[in-house]
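The lines below spell out each chain.
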Amino acid sequence: MKIVEKSDKKQVKKDREFKPNIVCFCCNWCSYAGADLAGVSRFQYPASIRIIRVMCSGRVEPAFILKSFKDNVDGVLVTGCHIGDCHYISGNEFTKDRFERLMKILKYLGLKDRFRLEWISASEGKKFAELVTTFTNQIKKLGPLNNI
Amino acid sequence: MIIKGKLREYLNNCYQCAMCSGICQMGRIQKYTPSRIIQLIIEGFEDRIVESGMLWDCLTCNSCLEKCPYEVNFAEIVRDARNKMLDAGIMPKIAHKGFYTLLSEIMSKENITPEKTFEWVPSGCEVSEKGNILYFVGCAPLFSYEFDESMNNAVDTLKILCKIENEPIVLLKDEKCCGHDLLWQGKIEAFKKLAIHNIKSFERSGASLIITSCAEGYRTLKIDYPSMFENFNVKVKHLVEYLYEKLKENKIKFKKEKKNTKILKLTYHDPCRLSRFLPKSFNIYEKIRYIFKELEKVGYVYNEMVHNKSNSLCCGVSCWLNCSDKAKALRYHRMLEAKDVADNLVTTCPKCEIHFRCLQNDTETVQDINVIDLSNLLENVIEVIPSQQNKEVSKK
Ligand code: SF4
Ligand code: SF4
Ligand code: SF4
Ligand code: FES
């Protein structure tokens, strides 16, 4: 009996359109400006992301990503300056190394497709909009993280 | 009233001899007096105790239980109170920004199914999904995020098992964290979810024996799972027990050391979860020492530290809580003790190993002692006695 009930609930949820909740960490010097540019130039992208501005992508602890997933965020994006462009010289190199390690762990948890690390410069408003669009679609395909 | 039922009874048994405060390991580095905390709770200041957050400081090392004449289980009281402290928003400071705890918490979600990969399985080892003997790997693959050596323990344990057993060893693809850390941090709901998942996977695999090489995992599977879930009754053995039995049954022996190699001086750190946290009847203290006695026969030297067996000192971090300079002092003290008597510190808890190694990174004086897991030590030394010879021995 119970099992039937559960799947019923799922059905109801599926019928409603799923709007993913995505957390996006942007570094202050490039990607946040990039996101700003996307807005100023009126590139359309889904309203699924919540931007958290940090001074450098190096500030983003892997624990932040895990905390988001724990709290049922459907996807996490981390963006920073291109390698070599970091305002703090090597912050993003550090980030890259760190998240490569984290990726192994996420793979093991089956969460690897819900996380992405990208470099976006201040002039790449278009790229930012595209990134958010493709990532949102990807998450939509995967469905909500907490679908029970 | 937060503390109820059995735990309340414990409290009411206390007659304030203050033995616990005298022995308390936390008391060595800061003011910490379990007997006073108990007294305050009995007198009705429970809320204040909970609000002050001081119960996060307890190492849950169980030294106090060991000495208490009335078996007041302070660590369990702390465990339950922590659950309420979380509800009240009094949060602990977890080491590594909570990374490893968060992993366990994510895993406890029902719709997350881990997909373990087995590329680390040493060549020549046969593993399968169904079978008799299951090796519970535990968190080692997760620890590899920061600690590169964390898989060695699992690799060597598996090598040992494959060497001794003639059948493929079961490894679970969807094995989740055993939940030890969550349990002792008071996150009992999440712990239960993990346990239910694991118990189901165990059943599916058809295993009749679970072997683990982790002290915390052992205590959790052996004591905490059955106490919460009555239908869980698979036999669980720690590698120590397993090897002890094989030695006794004459199935294995240790190889002689080559003559010209340096003699290894060993000492053993009893992890709390594999000593004070188990009923006395398990007798792990003696089992592990039997293994060392056998090792002595083939040319190793074994020395006991000043604090050993049920007196053994804490490594200073439990379930990723309390890592601070103070806890480092505890660890430092322990390592100095080890250094006095040996040059290899053997342990059976992967986390103790991690914490000790971590201290070595920033303290030179303890760098020359080699921290090593039992499985790493034994992997090369174990020799299987062929079964025919075995029969002859038993005939004699
Ligand atoms: S040792 Fe036991 S009886 Fe004595 S004060 Fe501590 S808890 Fe109470
Ligand atoms: S469990 Fe250990 S740290 Fe906690 S009160 Fe007892 S002796 Fe002290
Ligand atoms: S001792 Fe080192 S490895 Fe252990 S919790 Fe502290 S920082 Fe982490
Ligand atoms: S400032 Fe942009 S990544 Fe460091």
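Computed from a predicted structure; not experimentally measured.

With respect to the overall build of chain B
- Each helix and strand counted, chain B has 18 helices and eleven strands in total.
- In terms of overall size, chain B behaves like a compact globule, its C-alpha atoms giving a radius of gyration of 21 Å where 396 residues would be expected to give roughly 21 Å.
- For chain B, the spread of C-alpha atoms along the three principal axes comes to 65 × 50 × 45 Å.
- Counting the 396 residues in chain B, one finds 59% classified as buried.
- When the accessible surface of chain B is totalled, it reaches about 17300 Å², and 49% of it is carbon and sulfur.
- With 57 positive and 52 negative side-chain charges, chain B shows a separation of 3 Å between the mean positions of the two kinds.

A look at the confidence of the model for chain B
Residues and elements named next belong to chain B.
- Considering every residue of chain B, the mean pLDDT works out to 90; 97% of them sit at 70 or more.
- The element-level mean pLDDT for chain B is lowest in helix H18 (residues 387-395), coming to 57, with strand S4 (residues 209-212) highest at 96.
- This complex was scored by the predictor with a pTM of 0.90 and an ipTM of 0.87.

Some details on the pairing of strand S2 (residues 49-54) of chain A
Residues and elements named next belong to chain A.
- Bridge count for strand S1 (residues 22-27) against S2 is six bridges, and the pairing is parallel. When the bridges of S2 are listed, Cys27 appears paired with Val54.
- Handedness of the β-α-β unit built from S1, helix H2 (residues 31-40) and S2 comes out right-handed.

Describing the nonpolar core
- Ile65 of chain A together with Leu243, Phe292, Leu295 and Leu378 of chain B are the most contacted members of the largest nonpolar core, which totals 157 residues.
- If you tally residues by element for this core, the top one is helix H9 (residues 150-164) of chain B, at eight residues.
- Discounting chain neighbours no more than four positions away, the residues touching Leu295 of chain B are Phe254, Leu266, Tyr300, Leu377, Leu378 and Val381 of chain B.
- Among the nonpolar cores identified, the runner-up in size contains 14 residues, and Phe18, Ile120, Val132 and Ile139 of chain A belong to it.

Observations concerning the interface of chain A and chain B
- Facing the 21 residues of chain A at the interface are 22 residues of chain B.
- Carbon and sulfur atoms supply 66% of the area that chain A and chain B bury against each other, a total of about 1900 Å² over both sides.
- Arg101 of chain A is paired through a salt bridge with Asp148 of chain B; the nearest N and O atoms lie 3.4 Å apart.
- Along the contact surface separating chain A from chain B lie six residue pairs in polar contact (both at pLDDT 80 or more).
- For the side of chain A that touches chain B, the elements supplying multiple residues, two or more each, are helix H3 (62-70) and helix H4 (91-109) of chain A.

Concerning the site of ligand 1
Residue and element names in this part refer to chain B.
- Near ligand 1 you find Cys14, Tyr15, Gln16, Cys17, Ala18, Met19, Cys20, Ser35, Ile38, Cys68, Pro69 and Val72, and these make up its full shell.
- Those elements that provide at least two residues to the shell around ligand 1 are helix H2 (19-23) and helix H3 (34-42).
- Tallied by class, the residues present in the shell around ligand 1 amount to ten nonpolar, two polar and no charged.

Here we look at the site of ligand 3
Residues and elements named next belong to chain B.
- Neighbouring ligand 3 are the residues Ala95, His96, Phe147, Trp320, Cys323, Arg331, Ile354, His355 and Cys358.
- Tallying contributions element by element places helix H16 (residues 350-362) first for the shell around ligand 3, with three residues.
- Partitioning the shell around ligand 3 into residue classes produces six nonpolar, two polar and one charged.

A few points about the packing of aromatic side chains
Residue and element names in this part refer to chain B.
- Going through the model one piece at a time under the given rule, you end up with 18 aromatic pairs over all chains.
- Taken together, the ring pairs connect Phe99, Tyr100, Phe143, Tyr145, Phe147 and Trp320 into an aromatic cluster.
- Seen from the ring of Trp184, Arg273 lies directly overhead, with NZ or CZ sitting 4.9 Å from the centre.
- Its guanidinium or amino end placed over the ring of Phe277, Arg273 lies 4.2 Å from that ring's centre, counting from NZ or CZ.

A look at the domain arrangement of chain B
Residue and element names in this part refer to chain B.
- Here chain B is partitioned into domain 1 (5-87), domain 2 (97-247) and domain 3 (252-382).
- On the domain 3 side, the residues contacting the 16 residues of domain 1 number 20 residues.
- Together domain 1 and domain 3 conceal approximately 1500 Å² of surface at their shared face, both sides included; 50% is due to carbon and sulfur atoms.
- Inspection of the region where domain 1 meets domain 3 yields one salt bridge.
- Taken together, the links from domain 1 to domain 3 amount to ten residue pairs in polar contact (both at pLDDT 80 or more).
- For the side of domain 1 that touches domain 3, the secondary structure elements donating two or more residues are helix H5 (63-67) and helix H6 (74-87).
- Here the element with the most residues in the side of domain 1 that touches domain 3 is H5; it accounts for three residues.
- Grouping the constituent residues of the side of domain 1 that touches domain 3 by class yields six nonpolar, five polar and five charged.

Definitions and limits used
Residues numbered from 1 in each chain as written. Chains lettered and ligands numbered in written order. Predicted model: local features only at pLDDT ≥ 70, side-chain atom pairs only at ≥ 80, totals over all residues. Heavy atoms only, no water. Helix = DSSP H or I, 4+ residues; strand = E, 2+ residues; numbered from the N terminus. Rg over C-alpha atoms; globule rule 2.2 N^0.38 Å. Buried < 20%, exposed > 50% of the residue type's maximum accessible area, 1.4 Å probe, protein only. Areas by Shrake-Rupley, 256 points an atom, 1.4 Å probe, with all protein chains shown as cover. Lys, Arg positive; Asp, Glu negative; His and termini not counted. Charge placed at Lys NZ, Arg CZ, Asp CG, Glu CD. pLDDT = per-residue confidence, 0-100. Pairing = 2+ DSSP bridges. Right-handed = clockwise from strand over helix to strand, strands pointing away. Core = buried A, V, L, I, M, F, W, Y, C linked by side-chain atoms within 4.5 Å. Contact = heavy atoms within 4.5 Å. Buried area = accessible area lost by both parts, 1.4 Å probe. Salt bridge = Lys/Arg side-chain N within 4 Å of Asp/Glu carboxyl O. Polar contact = N/O pair within 3.5 Å; in protein donor to acceptor, adjacent residues only side chain to side chain. Near = heavy atom within 4 Å. Nonpolar A, V, L, I, M, F, W, Y, C, P; charged D, E, K, R; others polar. Phe/Tyr/Trp six-rings, centres within 6.5 Å; stacked < 30°, edge-to-face > 60°. Lys NZ or Arg CZ within 6 Å of the ring centre and 35° of its normal. Domains from an automatic or database assignment.

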